Structure formats: C-alpha cells, structure tokens
Amino acid sequence: MTRLPQSIAALLLSASFLSAEEAKDAWWNKDWTLRQKITLNASALSGPAGASTVLIRLHEGNFQFASAREDGSDIRIVGGDGKTLLSHHIETYDGLLNEAFVWVKIPNVLPAAKETFTVYYGNTDAALAASGKSVDAYADTLAAVYHFAERGSAPADATSNANNASGPAIVAEGSIIGSGIRLTGSQPLTVPNSPSLEWSAGQAITISAWVKPSTLRPNATLLERSDGANSFRFVFDNGSPVVESTGTASVRSQPGAPLVAGAWSHLAFTAEGGKFQLYVNGTLYLITDGTLPASTASILIGGLLEARPGYEGFAGELDELRIYNTAATPGAIQLAAISEGTGDQAQQTLSLGAVETGESQGGGHMMEHVMLFGDIANNMMFDGWIAIGVCVIMIIVGWTVAIKKFIYLNKIERGNREFLDQWKALSTDLTAIDHSSAADIKSMGGQVDEDDQDIMKDSPLYHIYHIGSEEISHRVEKLNGKSEGLSSRSIQAIRASLDTGLVHENHRLTSGLVFLTISIAGGPYVGLLGTVVGVMITFAIIAKSGEVNVNSIAPGIASALLATVVGLIVAIPALFIYSYLNGRIKNVVSTMQVFIDEFVAKMAEFYRPRNEGDSL
C-alpha cells in the first residue's frame, strides 16, 4: 500500500477541515430568512454540567420580533454542527412587549469551553415543530419543572410527567424570569404524588429554585413532604436556608449566613450517598450527613396544611422550581445560577450575535436588482432621458445650494457664539464703546482682537450690532457728550434701522432655498411627465405594430417608470434638507430678534436723556 506524499495528505486534510467548517456555517434551511449565533461560555464553571437546559432571554435589543411569527412558532435552534435540531421550549413569547424566554436543551456542557448554536426564525409559514414542545426540552432526570408563567390557572409542569400543581397561585410580575408566584405563607400549593415523584429511601434527588423572601422569620417553610414518620422540609430560619429530614435518622442542618430580604437568590439542594448538600447562587453553602426518606405524600410549597408549633409558611416570591430524580452536578447547578440571572455574568455566559440574513429574504439578490436598473436604462426613450436630465440638473443645483448653506450656517452659528460671549461683558455698560471711533465699535470697546473679529465677521448679530452702534454714533456726535442721551424718537428710529438689518440678514439666510423648493415641487412632476410620455409612446408603438405581449410592453413601461423614480430621488432628499435648513434658519432669526430687543433695552438704559423733552 503506497503512502500519499506529505503535501497531498496535508492538502486533503485541509480540504476536509474547510468543508466541515463550511457545513457548520451553511444555512440550515432557506425557508428561514434570519438567524443569530448564540454562544454559551462555560469558562466560569468549576466542573462539567452535562446535558443542560439553558435560558435564552430575547428582547428588542437582541432579537427582531417583527420578523418572527407573533407566537414565536417559527423559532428553530440548530446545534454547532449546523444541522442537528435542538429541542427547545418557549416559556413565554410576547410580540407586543418584545420579550420572550426560550429554554434550549444542550447535549453536553463542559467547563472552560464554548458551545455555539444558532437560532433561526423569519418563516411566516412555519408551524410549531415537535422540537418546540416542552416535553422535549428537558432531560429524563427531571421529574417536574414549574415556570409559573400561567395566568388564571394553577402552575403547570413543563415536563412530559404532567405533575401539575393545585391550589391558589398569585402571579408576581417581573420576577427573575418573566413572571413568578407570590407566596403569602398561608395556603400552600400542592403537587400530588405520581410515579415520577415517588421517593425511595436513600434516593438521590435535586430541588432547585429562585427565591426572594419578603421577610426573614423563624422556620418559614418553603417546601415540605410529610409521610407519617418520614418527612422532608426546606425552611428558612430567620433567612438562613435549613434542611430537615426525619426517617431512619433525624437531620437538621445548621443555619449559615442568611439571605437578603427582597433580593433574588438561587438555591439548590442535592441528596446523594448519605450526604445533603445545599448551594446558594451556585456556591456550596453547607454539607451534612443525611439520607432522603421514602415518601409518596404530596409536596407542599409555601405553606402548611396544619399548624405546627414553631413553624410557619414562607412569605415571598418563587420562580423556576425544578425537581430532579438524580443529584445534579455542581457544574449544572453553577450553570443554572449564573445563566438564569440578570447580571453581567449572565450576559457574558450566554450571548446572541448579530442578525444574519438568508437568501430567501432577498439579500443574495441585491446586486442582481441593482443590475436590473442598467437593463431598464438601456430601454429608455429620448423623452425619458430629457426628464431625467432635468432632474439631474435640479439635483446638482439643489445639492450645491444645500452644501453652501450648510457651510454658511456653520460659520454663522460659530460667529454668533463668539459674539454672544463678548456681548455678555459689553452689555453691562453699553457706553464703554467710544462711538467717535469706528475701530472701537468694530472691536467692541477694544475687548475683541483681530482673530475673534475674523470669526464674528459672518455673524448676523455682529452685523446688527454694527448698525446699532453706528446709529448711536451718528446721534451722539451731534451732542456735547454722551450725557445728553437719546430721545425716545431717536431710539425708535434706531430700532427701525435694526429691524431693517434683520430683514436683510433674513434675505441673506434664505437666499438659494428656492432651488430646493423647486426640486421638492418640480422633481416628481418632471419625472411623472417623463413616465406619462414614455407610457404613451409605448402604447402607440404597440398599437402600430399590433403585437400585444408582456415582452413588448414591460421594457417600455419599466423604463418610463424610471423617470418617476428619479424625480422622487430628487424630491425626497431635498424635502428633508429643506426642512432641516429652514429649522436652523428660524433659530438664527429668533436669536436676532431677541438680540435686537436686548440691544434696544440696553440702549434706552445707558443713553437715558437728562430731560425727556430734549430731542436730537
């Protein structure tokens, strides 16, 4: 048997690797138009989690609800190989509030590793797949799962075991995961016994939940199962989680650090190999000797059926209660505590990537559509080109005016800001300007250097200030000093000059905008004229030739409609630009009007005549 040369073997190996990577990145099904990569980062885990059902939180910031079906039934989740469909369960999906909670079953989660899978959606014809049913999203080791997402009914088991609870359930909105239930400590929820919930002596189990105690009271019972001499209780002794068990031996764990009232905590209890272990927020809280007693009694949640001295029901909120018929690994408990929380670590553990578009949404045909415009232009008639030529001229003129106006307004606003900064000091005493000197007027009493004057040269406020100062100067020169002041008639005359300057500045600001209004009003009409003429000629040619078919009509109609498209391309940007520029111009004019009022007021204050009967 001959060996392949080393270079050929390497080439084949590289080719096989690339083909595998391409298969992972290939689109799972072209009927689904959108997809997003999901990364599960298990670097925070201290051990393997194994097969786990993890939570995906969807909201308007990471998911396009408008592109999915209103109930989320088109959601499909594909494994890292790009082809294996993963089981998932939709706890809640609200297309109006843009919020959803989806649980997906990951075959094997290893510590210090990253799992990548993909969520597909955007297929309006898709029906709810079998993988979307809750019975497929949980491992066989789970006896019962309660999301407490029901409205107006008792909590339902999300597994196929149908261990539904009975009794009153007060919905608590805004819990750790969607909605939860509020327990008052009086009437408990009851979970009837079933074959999947039966406990044998020494059996391994896990019970986990998110809890938020409202108050810290002695021996507040969260969960109880009592079957004669055999009993099991999970209580909070002044906020400290405590496990009690009676049977072959009585066990009560020692209280540790209490939980915080009004705050959510993840609790997990495991029984295996003669040991009870309790985890709080994924960290081992206590370990003690103990074996689970056999029991076929109902499970009570949040309260007591009959009074027991020294015990009372649990008061607070409860969410995501799970009962396993095996002992969960520390890694699985850590994963639940971290990934189901609402902190930064949860977002780092499970994150959604950017939205990718599939071929069926048209993304792959974009260039093909662009190329069609070239074919349409090739069929354009001479009259259509005239209309398009006029539209192009309007675009060039309108955009030239717009660009110049943008630059001009920027200079004006910069000059106005600089002038107002200088005016604040001058307005405290307007007589500080030596009106006998034009240089002092220009330098605003010597406080503005040449560089600042160059910045303010385009400022309409600076121009109006010049007009007012020169008018004051002409009148002051006729008097023997400033102490004579200005009469009311002089002030009115100066104000008229300022208003005239305002009109001139307004004309300067609005000059050229008429070309944008011409583009807005005229562009669509010119384009429509080209379309109408093109359609008329097309039908005239058809009538003359006597051939009526799609191939003879479509090119002419398409090319005629191109003129209307160009006309709209002229008008729509011009409309937005005109509205924006007009708004900025109005702001400048308003600033000038306010300045004129202030200037006249300061002038009347600082040039008050000694005798109001005097006049110039």
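This structure is a prediction, so every number in the text was calculated from the model and none was measured.

Reading the values: rules and limits
Residues numbered from 1 in each chain as written. Predicted model: local features only at pLDDT ≥ 70, side-chain atom pairs only at ≥ 80, totals over all residues. Heavy atoms only, no water. Helix = DSSP H or I, 4+ residues; strand = E, 2+ residues; numbered from the N terminus. Buried < 20%, exposed > 50% of the residue type's maximum accessible area, 1.4 Å probe, protein only. Contact = heavy atoms within 4.5 Å. Areas by Shrake-Rupley, 256 points an atom, 1.4 Å probe, with all protein chains shown as cover. Pairing = 2+ DSSP bridges. Patch = residues over 30% accessible without salt bridge, like charges linked within 9 Å, V, L, I, M, F, W, Y side chains within 5 Å. Salt bridge = Lys/Arg side-chain N within 4 Å of Asp/Glu carboxyl O. Phe/Tyr/Trp six-rings, centres within 6.5 Å; stacked < 30°, edge-to-face > 60°. Lys NZ or Arg CZ within 6 Å of the ring centre and 35° of its normal. pLDDT = per-residue confidence, 0-100. Polar contact = N/O pair within 3.5 Å; in protein donor to acceptor, adjacent residues only side chain to side chain. Axes fitted to C-alpha atoms, helices over the stretch in contact; angles between N-to-C directions. Parallel < 35°, antiparallel > 145°, perpendicular 65-115°, else oblique. Nonpolar A, V, L, I, M, F, W, Y, C, P; charged D, E, K, R; others polar. Core = buried A, V, L, I, M, F, W, Y, C linked by side-chain atoms within 4.5 Å. Expected span 1.5 Å × (residues − 1). Bend = angle between axes of the 7 residues up to and from the residue.

A. Fine view of the overall build of the protein. What the protein contains, in helices and strands, is 11 helices and 23 strands. By the burial criterion, 44% of the 616 residues in the protein qualify as buried. For the protein, long-range pairs separated by at least 24 residues make up 73% of all intrachain contacts whose partners lie at least 6 apart in sequence. By element, 57% of the accessible surface of the protein is carried by carbon and sulfur atoms, the whole surface being about 30200 Å².

B. Looking closely at the sheet that holds strand β23 (residues 350-357). Spatial ordering of the open sheet is given by β4-β3-β7-β1-β23, a layout of five strands whose pairing is antiparallel. Edge positions in the open sheet fall to β4 (85-86) and β23, since each of these has one partner strand only. The sheet contact formed by strand β1 (residues 34-41) and strand β7 (residues 114-121) spans eight bridges and is antiparallel. Counterpart to K37 in the pairing with β7 is T118.

C. Quick look at the environment of A377. Assignment of secondary structure puts A377 in helix α4 (residues 366-378). Sequence separation of A377 and A563 is 186 residues, and the distance between their C-alpha atoms is 9.8 Å. Beyond its immediate sequence surroundings of up to four residues, A377 is in contact with W385 and L562.

D. Region of the structure containing a nonpolar patch on the surface. The grouping of Y525, L528, V532 and M536 at the surface amounts to a nonpolar patch, some 440 Å² of accessible area in total. Of note, L528 is situated in helix α10 (residues 513-545).

E. Expanded view of the packing of aromatic side chains. Summed over the entire model, instances satisfying the criterion amount to 21 aromatic pairs. Ring plane angle 40° and centroid distance 5.0 Å describe the contact between F232 and F269, whose orientation is recorded as tilted. Here F232 is found in strand β14 (residues 230-237), whereas its partner F269 is found in strand β17 (residues 265-272), with 37 residues between them in sequence. For F232, a relative accessible area of 1% gives the class buried. A centroid spacing of 5.9 Å and a plane angle of 25° characterise the contact between W423 and F599, whose relative ring orientation is stacked. Placement of the pair is W423 in helix α5 (residues 382-426) and F599 in helix α11 (residues 550-606), with a sequence separation of 176 residues. Taken as a pair, W423 and F599 share a single burial class, namely buried. It is R225 that lies over the ring of W199; its NZ or CZ is 4.6 Å from the centre.

F. Summary view of the confidence of the model for the protein. Overall, the predicted model of the protein reaches an average pLDDT of 82, with 85% of residues at or above 70. No element of the protein has a lower mean pLDDT than helix α1 (residues 6-25), which averages 45, and none a higher one than strand β12 (residues 205-213), which averages 95. Taken as a whole, residues 1-20 scores under 50 in pLDDT and shows one contact with residues more than four places along the chain or in a different chain. Predicted confidence is poor over residues 130-135, with pLDDT under 50, and the contacts of this stretch with residues over four places away or in other chains come to 16 contacts.

G. How the structure looks around the side chain of T159. Following the sequence through the fold, T159 ends up in the loop between β8 (142-146) and β9 (170-172). A distance of 2.8 Å separates a polar atom in the side chain of T159 from a polar atom in the side chain of D157. Polar side-chain contacts of T159 include one of 3.2 Å to the backbone nitrogen of N161.

H. Expanded view of the environment of I596. Within the element layout of this structure, I596 appears in helix α11. Spatially, the C-alpha atoms of I596 and D499 are 7.8 Å apart, while their sequence positions differ by 97 residues.

I. Expanded view of the packing of α5 against α10. At a minimum axis separation of 9 Å, α5 and α10 run at an interaxial angle of 170°. The angle between α5 and α10 falls in the class roughly antiparallel. Taken together, the residues that form the contact of α5 with α10 break down as 13 nonpolar, seven polar and one charged.

J. View of the nonpolar core. The biggest cluster of nonpolar side chains holds 38 residues, and the ones touching the most others in it are F234, F236, F269 and L318. For this core, the element with the highest residue contribution is β12, accounting for four residues. In this structure, F234 is in contact with A220, T221, L222, L223, P241, V242, V243, L267, F269 and L278, ignoring residues within four places of it in sequence. In this structure, L461, L486, I491 and L498 belong to the second largest nonpolar core, which totals 36 residues.

K. Quick peek at α10. A rise of 1.5 Å per residue sets the reference length of α10, with its 33 residues, at 48 Å; its end C-alpha atoms lie 48 Å apart and thus fit the reference within 8%. Where α10 bends most, at G522, the angle is about 40°, and the proline P524 comes one to four residues later.

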